[in-house]
Structure formats: structure tokens, C-alpha cells
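Here is what each chain is made of, one letter per residue.
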Amino acid sequence: MLTWLSEYSASLSILNVFRYITVRTGGATATALFFVFFFGPRIINGLRLKQGKGQPIRTDGPQSHLAKKGTPTMGGLMILSGFLFSTLVWGNLANPYVWVVLLVTLGFGAIGFYDDYLKVTKQSHAGFGGRSRLAIEFVIAGAACVVIAYLIPKMPGYGAVRLASALAVPFFKDVLLNLGVFFIAFGALVIVAAGNAVNLTDGLDGLAIVPVMIASATFGFIAYLSGNAIYSNYLQIHFVPGTGELAVLCGAMIGAGIGFLWFNAPPAQIFMGDTGSLALGGMLGTVAVATKHEIVLAIVGGLFVLEALSVIIQVASFKLTGKRVFRMAPIHHHFEQLGWSEPQVVVRFWIIAIVLALVGLSTLKLR
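The rules behind the values
- Residues numbered from 1 in each chain as written.
- Predicted model: local features only at pLDDT ≥ 70, side-chain atom pairs only at ≥ 80, totals over all residues.
- Heavy atoms only, no water.
- Helix = DSSP H or I, 4+ residues; strand = E, 2+ residues; numbered from the N terminus.
- Buried < 20%, exposed > 50% of the residue type's maximum accessible area, 1.4 Å probe, protein only.
- Contact = heavy atoms within 4.5 Å.
- Expected span 1.5 Å × (residues − 1).
- Axes fitted to C-alpha atoms, helices over the stretch in contact; angles between N-to-C directions.
- Parallel < 35°, antiparallel > 145°, perpendicular 65-115°, else oblique.
- Left-handed = near helix turned anticlockwise from the far one by under 90°.
- Nonpolar A, V, L, I, M, F, W, Y, C, P; charged D, E, K, R; others polar.
- Core = buried A, V, L, I, M, F, W, Y, C linked by side-chain atoms within 4.5 Å.
- Salt bridge = Lys/Arg side-chain N within 4 Å of Asp/Glu carboxyl O.

(A) Structural view of the side chain of threonine 31. Tracing the sequence through the fold places threonine 31 in helix H1 (residues 21-51). Relative accessible area serves as the criterion here: at 19%, threonine 31 is assigned to the buried category. Contact partners of threonine 31, with chain neighbours within four places excluded, come to Phe85, Ser86 and Trp90.

What follows is the structure in C-alpha cells.
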């Protein structure tokens, strides 16, 4: 919204700063942070009153988690509120990529909210049916991919038709795999997988939000470079006009995430819930698809991939052989069962997320 003020820079030159993505990204981060700091306690108190005993703690999980019973969930509302407000203030609302990412994020957040609501009101882990939930997620993600691949590239100023339905391969500057119409299914799978992988990671205080912020910072940087003709040409990455604006959204998510971490740090005053985890993962997946860095997302978000794979392997192994590979899945619970304390698991996983982000960033230059 503040980008419109730059139109009056001829009268007041200082307003020209609102043209710069870097300035607005910093502003978005600070605004989301202060929004969550200010409204966070009120949101927590409101959820505590509405949810009573909070979302039930699984009795088959680590026994140390039983002490968390009564902690309100749906903390994703706090994150999404700060993210949305900050984006509307600092984002360029004339940019179609902004609206695509916003709608996917809020759509996935709404699915997660309904799932959390069912769990809280029924005091049961039987939330939104898995198949119905996935079907709606694929519809939202598929619609977003149609817009990204076939509508936006045809808009004036966003001409990237050559990249529309192509998959870029890291480390190779000229390799593009044209998936054609199958790009819609591929892109939707990336977005849905990202949302659910982050959801599976959200099991310990602070475990999911910091890797999400690390991935957001990484993809904010990638979006800025991909949307800049000079920098993308220098780094020999694919130039996707308009995606630079997504750095502002990533900045807003970082700010909201920092604010949430203040209240989610152990012992957590509030849990993210599916409301937040699905939305955050969906946002990261959509930014990756828009910037043509889907494979890089698997590297940067390797921690989320590991968490999701641990669940898939555990379920497949038990169904096929009757035996479990891990003591408990997702894998962060496996390490708890091995004797790691919760802070040890969380901080060590944060370190892994930082290392993977650095590896992902290296793909920008190693070509």
C-alpha cells in the first residue's frame, strides 16, 4: 500500500524510498514483529478462554509432553494476522504474485484452522479428514500454479513465458525441463508437500518456526535476486519479472515469526497448531514455485523433508513388516526417545536448518 506514496515523490523526494524492495522488506519485518508483540498477549488470552483445556496432548507421545496440556493452540492466527497486516501495508498490491502467495497462505491457514477447531471443540485428535483436507489443499495449490504458469506470464511487464511451465535445475544455468501441463500437478505437489512437511515438524516448542524463518530469509533473498534483471544475469539464474516483490512477504513472515517465537519459546505459552504450520509451509512452497526454485526448496527445507520422510518410512515399514524403523515418528520424537532433551533436539535441528540454507544459497553461484 505504501508503494503508492512513491507516485508523489516529485513533490516530496523522500517518498521515493517506498519504491525500493529492500526498504519495504525491512519495514514489513519490523511492522509484523511489533504487531505480534502488541497483540500477542491478547490473542493468547482470547484463545485460552475459548479453548479451555486447549488441544489435547497425545498420551502415546513422549511423557514429558503431558506437562504441556492446557496450552492454547491456533497460534498461527497470531502469525497470519501480523503477516497479513504487514503485507497489506508494505507490499505492492498491484503485483499478482503477492496475491497468489497471500491467497495460498490464507487458504492453507483456513484449512489448518478448521482442523484445529475440530480437535479443540471435540477434545480429540480426529480433526479434518485426511483425504478431504488434501483434496482441498491440491485445489488451492493447483489454482495458484495455473495463475503462476499461464496467466501472470502473459501480463504486461511479467513476460516469462519461456519459464511458465518449466522446471529449473540447480547448478546448471541453461537446463530447463519443460513439463507442459504437468507443471500444474508438479507445482501443486510442491506446495502441498511443503505445507504438510512443516506441519509434521511442528511438534516441539520453537522447532518449526525458526527453520521456517531461516527458509523465509533464504527465499526472500532468492526472490529479490530472481526478480532483478541485473543480479539474475550476474548470477546466471533465471530472471522472473515481478517475483522480487515476494521478498517483502518473506520479510513480513520473518517478523511475525520472531514475534511468535517470543511466546512459543519453551515453555511455550501458545502452540502454532495446523493453522500456522500449514500456512507457513504453503507460503514457502508457493514462493519456490513462483521463483522457479522448487528443487532448491527441497535443499533449504531439508529438515522438513527429513521429518516428512521419517513418517512415510515409519508407516510403510510397519504396514509391510510390522516393525518400526524409528522409536517414534516424526523423527524429532525419535531423538527424544533416545534421551535428547527437548532443547537439545530443537537447537540441533536449528543448526541443521542453517547449514541446509547455506547449501541452498550456494546453488545460486555454483553453476
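Structure shown, so let's carry the discussion forward.
(B) Representation of helix H5 (residues 182-201). An ideal rise of 1.5 Å per residue puts 28 Å on 20 residues; H5 measures up with 29 Å between its terminal C-alpha atoms. Judged by how many residues are buried, H5 sits mostly within the fold: 14 of 20 residues are covered.

(C) Up close: unusual backbone geometry. The step from proline 266 to proline 267 runs through a cis peptide bond, and the omega angle for that step is -5 degrees. Mapped onto the elements, proline 267 comes out in the loop between helix H8 (246-264) and helix H9 (273-291). Here the residue pair alanine 329 and proline 330 is connected by a cis peptide bond, since its omega of 0 degrees sits within 30 degrees of zero. For proline 330, the location among the structural elements is in the loop between helix H11 (302-321) and helix H12 (331-337). Phi angles above zero are rare outside glycine, and glutamine 236 is one such case at about 60 degrees. With respect to the helices, strands and loops of the structure, glutamine 236 is situated in the loop between helix H7 (229-235) and H8. Its identity is not glycine, yet lysine 292 carries a phi of approximately 65 degrees, on the positive side. With respect to the element layout, lysine 292 can be found in the loop between H9 and helix H10 (294-300).

(D) Highlighting the packing of helix H6 (residues 209-226) against H9. Interaxial distance between H6 and H9 falls to 10 Å at its minimum, and their mutual angle equals 20 degrees. Here H6 lies roughly parallel to H9, going by the angle between them. H9 is crossed by H6, and the crossing has left-handed handedness. Residues Ile209, Val212, Ala215, Ser216, Phe219, Ile222, Ala223 and Ser226 of H6 pack against Leu280, Met283, Leu284, Val287, Ala288 and Thr291 of H9. Grouping the amino acids of the contact of H6 with H9 by side-chain chemistry returns eleven nonpolar, three polar and no charged.

(E) View of the nonpolar core. Counting residues in each nonpolar core, the largest one holds 93 residues, and the members touching the most others are Ile79, Tyr97, Ile209, Phe219 and Leu246. Not counting chain neighbours up to four residues away, the residues in contact with isoleucine 209 comprise Ile79, Gly257, Phe260, Leu261, Asn264, Met272 and Leu280.

(F) Structural view of the pattern of salt bridges. One pass over the structure, following the stated rule, counts six salt bridges. The salt bridge involving aspartate 115 is made with lysine 119; its shortest N-O contact spans 2.9 Å. Pair noted here: aspartate 115 and lysine 119 are both in helix H3 (residues 96-122), with a separation of four residues, about one helical turn. Taken individually, aspartate 115 and lysine 119 each receive the classification buried, so the pair is uniform in this respect. Where arginine 133 meets glutamate 137, a salt bridge forms, and the shortest distance between an N and an O atom there is 3.4 Å. Taken together, the positions of arginine 133 and glutamate 137, both in helix H4 (residues 130-151) and four residues apart, correspond to about one turn of that helix. Judged on exposure class, the residue arginine 133 and its partner glutamate 137 are both buried.

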